[in-house]
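Report on the structure
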Amino acid sequence: MDELLRLGTEALVSVWPEARLTGGTQLAGSDRNVVVRAEVLGGPVTTVVVKRHVAEGGARVREPAALECLAGTSGVPQLVAVHPAEPVMVMADLGDHPSVAHRLLGSDPFLAADGIRAWAVAVGRLHRTGATADFAPALARHANRLGVTSVPAVNPMPLMLADAAERLVEILPQLDITPSVAALDQLRGIDAALGGTDAVRLLTPSDACPDNNTLTADGLALLDFEGAQVRHVAWDAAYLTVPWPSCWCSWLMPELVAAEALAVWTEECGLDYARTPDFQGDLVAATVGWDFVSTSWFLESALGADEHVQSAPARRALIQQRLAHAATAPGFEALGSLAAEVLSATRGAWGDLPVALAPAFS
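First things first, this report covers the structure right here in the doc. A quick note: this is a predicted structure, and the numbers were derived from the prediction, not measured.

With respect to the sheet that holds strand E5 (residues 88-92)
A sheet is described by the order of its strands in space; here five strands give the open sequence E1-E2-E3-E5-E4, paired in antiparallel fashion. The sheet terminates laterally at strand E1 (20-26) and strand E4 (79-82), the two strands that pair on one side only. In this sheet, neighbouring strand axes are inclined to one another by 30° on average, regardless of whether the strands run parallel or antiparallel. Inspection of the sheet shows strand E3 (residues 47-53) paired to E5 by five bridges, in the antiparallel sense. Paired with Lys51 across the bridge in E5 is Met89.

Structure, rendered in structure tokens:
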């Protein structure tokens, strides 16, 4: 803790020369980072949040680059300072508030639906802001600051899809299934096939899960830009249709709640393309992409002992729910056939496992 406060102070003096940090309180983080609320002495505010990326990888470059590009954007934490040579950031303290996940775990369906709509507002306004052109040079600057020799990809979705295809090739033989070349090619090509102009490929935190936000008095603020990237907006909108593909709290939501949130996002993002039939087709494509990407993440552990905790859906159930969608998605004959085959094999092995509505809606 003392070391992080020291590094945070070294970052802060570039903007607040008399400031120093003390009295840190650790906040929720992960094995990839340490997050601390610290008191500020000699500065214009009383507290800040200090975050250190402890894991190697692109997150230590992506997050400060994105927050720098999004300076002044509502619903995004303000980046106050970065350390000149360490993966340490100082951000404005947004205070303690519930997240959308807290509301999904609660008992009030109206509060939960309101939280999902607030999520859609924040993501839509982020897409309206854009800030796309600045992201590549910001990545390069922060990679140079930290001595990172390989600058992260601006859009890693093609790599993610290719990795998913490779994982499926390795894992599916355990179910006596060999995926067809056509299905794998279709999966790898989803991002490239998405329509619209470059104006619909925008900066996003990429992992906008229900727990990666805080519901402040001024609206929902998105947290965790460790995976920030520039990608097609359909990938974010599909978080409402999968739903929540990369998240532990990925229960279903009522169709009306999802539809209303998608309409809110459409209004807030300000993209004419989002109102077109072409976008609806791209939303289906992105949903199918997430169906298979998340299956590739979860399948190996699900074939062993299913990872399930009381506060989250079982991964076996999530796999089946997503494959059932992909099996009937229009325009994806090869992937649909593969989804139906895998779904049938998992039902034979595990039975039919439905995903429940989030506790607040059940």
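Now that the structure has been shown, the text picks up again.
Focus: the packing of helix H4 (residues 109-129) against helix H10 (residues 255-269)
Any two packed helices are characterised by how steeply their axes cross, that is the angle between the axes, and by the distance between the axes. The interhelical angle for the contact between H4 and H10, taken along N-to-C directions, is 25°, at an axis separation of 7 Å. The pairing of H4 with H10 is recorded here as roughly parallel in orientation. The interaxial crossing formed by H4 with H10 has right-handed handedness. Taking contact as the criterion, the partners of Ala113, Ile116, Arg117, Ala120, Val121, Val123, Gly124, Arg125, His127 and Arg128 in H4 are, on H10, Val257, Glu260, Ala261, Val264, Trp265, Glu267, Glu268 and Cys269. Across the contact of H4 with H10, the residue classes break down as ten nonpolar, two polar and six charged.

A look at the packing of helix H7 (residues 181-188) against helix H13 (residues 333-350)
Put simply, H7 and H13 touch, their axes get as near as 8 Å, and they point 115° apart. It follows that H7 is roughly perpendicular to H13 by the angle criterion. H7 and H13 meet at a crossing whose hand is left-handed. Side by side, H7 and H13 meet where Ala182, Ala183, Gln186 and Leu187 of the first sit next to Glu333, Ala334, Leu335 and Leu338 of the second. For the contact of H7 with H13, the residue count by class is six nonpolar, one polar and one charged.

Things to note about the environment of Pro243
Position of Pro243 among the secondary structure elements: in the loop between helix H9 (233-237) and H10. According to the relative accessible area criterion, Pro243 is buried, its value standing at 4%. Each C-alpha atom, one on Pro243 and one on Thr287, is 8.6 Å from the other, the two residues being 44 residues apart in sequence.

Criteria and thresholds
- Residues numbered from 1 in each chain as written.
- Predicted model: local features only at pLDDT ≥ 70, side-chain atom pairs only at ≥ 80, totals over all residues.
- Heavy atoms only, no water.
- Pairing = 2+ DSSP bridges.
- Helix = DSSP H or I, 4+ residues; strand = E, 2+ residues; numbered from the N terminus.
- Axes fitted to C-alpha atoms, helices over the stretch in contact; angles between N-to-C directions.
- Parallel < 35°, antiparallel > 145°, perpendicular 65-115°, else oblique.
- Left-handed = near helix turned anticlockwise from the far one by under 90°.
- Contact = heavy atoms within 4.5 Å.
- Nonpolar A, V, L, I, M, F, W, Y, C, P; charged D, E, K, R; others polar.
- Buried < 20%, exposed > 50% of the residue type's maximum accessible area, 1.4 Å probe, protein only.

No statement about biological role is implied by the geometric values presented.
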